[in-house]
Structures are given as structure tokens and as C-alpha cells.
Amino acid sequence: MGTRYLDLNTNSILKDWDVGKAIRELLANAIDESTESKTPLPILNFEDRVLTISDRGSGLKPEHFSHNINQNKQNNINYIGKYGFGLKDCLAVLHREDRSITIESKYLYVEEILLKKKQGFDNKTLHVVVEEPRNKEYIGTTIIVREIRTKEFKMLKRYFPQ
């Protein structure tokens, strides 16, 4: 596979979303994955301004970075998300707010999101830089977001009090 630049097809970022809403979306995705894969709820850790969300699901794949309605989720009230916009939106917000992110699964490793010229056009859009996985035996997905403020983490806890 090598390194790939996947166009998130986003140049306008949700203006009403802040970092708290972005990390809420990451956690919601992990909870949905736990529901879908029938695995334990994700593990959440916040220490020294670093937030780690780990699930034991099937693992994030490169195609998850495109809008993709999940047929399993669409008509099931047990899932939080359904339409495939959330991951792209939260990555755009975290990029706008200058927060670094690492994503690891058995299918990929991501450590960079950048503005890059859209193929065939003059404008720039956000691209996620997808590298070869570090460990093809990895179980689930781990997302690490750096420079999270305590108040942003507290906001997340309001969305998910358990």
C-alpha cells in the first residue's frame, strides 16, 4: 500500500463545532464500533493533555475516511452515527484547532492531516496521510489526540456521563 493521501473532500469546516464536539464524535464512533462488533465499550484515558480512545472492534480502514452510509447502522436505534460524516468532520475540526492526532489499527497508521492541492483542481482540501500499519495483528482502533484542555475533556464527560 505505501503512503497514501486520502482526500477528505472538505474545505469548509463546521464552524459551530469545537474540540469537545470533535472528540465526542470520536468516542461515539468507538462506542458504535463496540456495539457493531459486540466487543467491550472503548477505553478512554486522559493524562497530561493527551486523550486516548481505544476500542476492540474490527479496526479502522482507509475507506472509512470517505462519506459512507453504514447499512447496519442506518435503521438501528442502538447506534449513534449513521452517515459517515462524523470522522471527517472531527478530523477537520482538530486540524483547524491545531491538535495533533494519531490513529492506529491493523489496516493503517495515521499521524498527519494536511492541506494539499485537490487532484485536478487549484484549491486545497484536507488530506489524511495513511501509512502502512505498524502491527497487522493489532486489535481494534486506537486514536490519540494531543493538547486537549481539561475543560474540553470535561465537556466530553457531559455528553457521556458514564
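Described below are features of the structure shown in this document.

Next up on the list: the overall build of the protein. Assigned secondary structure in the protein consists of 4 helices and 7 strands. When burial is assessed residue by residue, the protein has 43% of its 162 residues classed as buried. Intrachain contacts of the protein at a sequence separation of at least 6 include 69% that bridge at least 24 residues. Accessible surface computed for the protein: about 9,400 Å², of which carbon and sulfur atoms make up 48%.

At their nearest, the axes of helix α1 (residues 19-37) and helix α3 (residues 86-96) sit 9 Å apart, and the two run at 145° to each other. As for how α1 packs across α3, the hand of that crossing is left-handed. For the pair formed by α1 and α3, the contact residues are V19, A22, E25, L26 and N29 on the first element and G86, L87, C90, V93 and L94 on the second. Tallied by class, residues from the contact of α1 with α3 come to 7 nonpolar, 2 polar and 1 charged.

To continue, consider the environment of R146. Relative to the assigned elements, R146 resides in strand β7 (residues 141-146). Among the residues examined, R146 registers a relative accessible area of 27% and is labelled partly exposed. Considered as a pair, R146 and T102 are 44 residues apart in the sequence and their alpha carbons are 8.7 Å apart. Setting aside chain neighbours within four positions, we find R146 in contact with R49, V50, R99, S100, I101 and T102.

Under the definition given, this model contains 7 salt bridges. Among the ionic pairs, E131 bridges to R134, the shortest N-O distance being 3.2 Å. Given the relative accessible area of 49%, R134 is considered partly exposed. When salt bridges that share partners are traced, they join R99, R149 and E152 into one network.

Phi is positive for R49, close to 65°, though the residue is something other than glycine. Looking at the element boundaries, R49 is found in the loop between β2 (43-47) and β3 (50-55). Non-glycine residue D98 carries a positive phi angle of around 65°. Relative to the helices and strands, D98 is located in the loop between α3 and β4 (101-104).

Following the criterion strictly, the structure yields 1 aromatic pair and no others. Each ring, one from F46 and one from F153, has its centre 4.4 Å from the other, and the planes form 15°; the classification is stacked. Here F153 lies in helix α4 (residues 150-159) and F46 lies in strand β2, a separation of 107 residues in the sequence. Between R24 and the ring centre of W17, over which it is positioned, the NZ or CZ distance is 6.0 Å. The side chain of K116 reaches across the aromatic face of Y5, ending 5.1 Å from its centre.

If you look at the biggest cluster of nonpolar residues, it comprises 33 residues, and the most contacted ones within it are L26, F65, L91, I101, I103 and V128. Looking at this core, the elements with two or more residues in it are α1, β3, α3, β4, β5 (109-117), β6 (124-131), β7 and α4. Here the element with the most residues in this core is α1; it accounts for 7 residues.

Criteria and thresholds
Just so you know, the residues in each chain are numbered from 1, in the order the chain's sequence is written. A pLDDT threshold of at least 70 governs which residues receive local features in this predicted model, and a stricter bar of 80 or more applies before side-chain atom pairs are shown or counted, although totals over entire chains, interfaces and linings include all residues. Only heavy atoms go into the side-chain values, all of them from the structure, while hydrogens and water stay out. In this text, helices come from DSSP runs of H or I with a minimum length of four residues, and strands from runs of E with a minimum of two, each type numbered from the N-terminal end. Working definition: with a 1.4 Å probe on protein chains only, accessible area under 20% of the residue-type maximum means buried, over 50% means exposed, and in between means partly exposed. Contacts are assigned to residue pairs with any non-hydrogen atoms lying within 4.5 Å of each other. The Shrake-Rupley method, run with a 1.4 Å probe sphere, supplies the accessible areas, and residue values consider only the shown protein chains as cover. Every angle, taken between N-to-C directions, lies between 0 and 180 degrees, and every axis is a line fitted to C-alpha atoms, over only the stretch in contact when it is a helix. Two helices crossing with the near one rotated counterclockwise from the far one by less than a right angle form a left-handed crossing, whereas a clockwise rotation gives a right-handed crossing. In the scheme used here, Gly and all other residues not listed as nonpolar or charged are polar, with Ala, Val, Leu, Ile, Met, Phe, Trp, Tyr, Cys and Pro taken as nonpolar and Asp, Glu, Lys and Arg as charged. We define a salt bridge as a contact between a side-chain nitrogen of Lys or Arg and a carboxyl oxygen of Asp or Glu at a distance within 4 Å. Any Phe, Tyr or Trp ring, taking Trp's six-membered ring, that has another such ring centre within 6.5 Å forms a pair; planes under 30 degrees apart are called stacked, those over 60 apart edge-to-face, and the others tilted. We count a charge as sitting over a ring when the NZ of a lysine or the CZ of an arginine lies within 6 Å of the ring centre and within 35 degrees of the ring normal. The term nonpolar core refers to a set of buried residues drawn from Ala, Val, Leu, Ile, Met, Phe, Trp, Tyr and Cys, joined through side-chain atoms within 4.5 Å.

The quantities given are spatial measurements derived from coordinates; they are silent on function.
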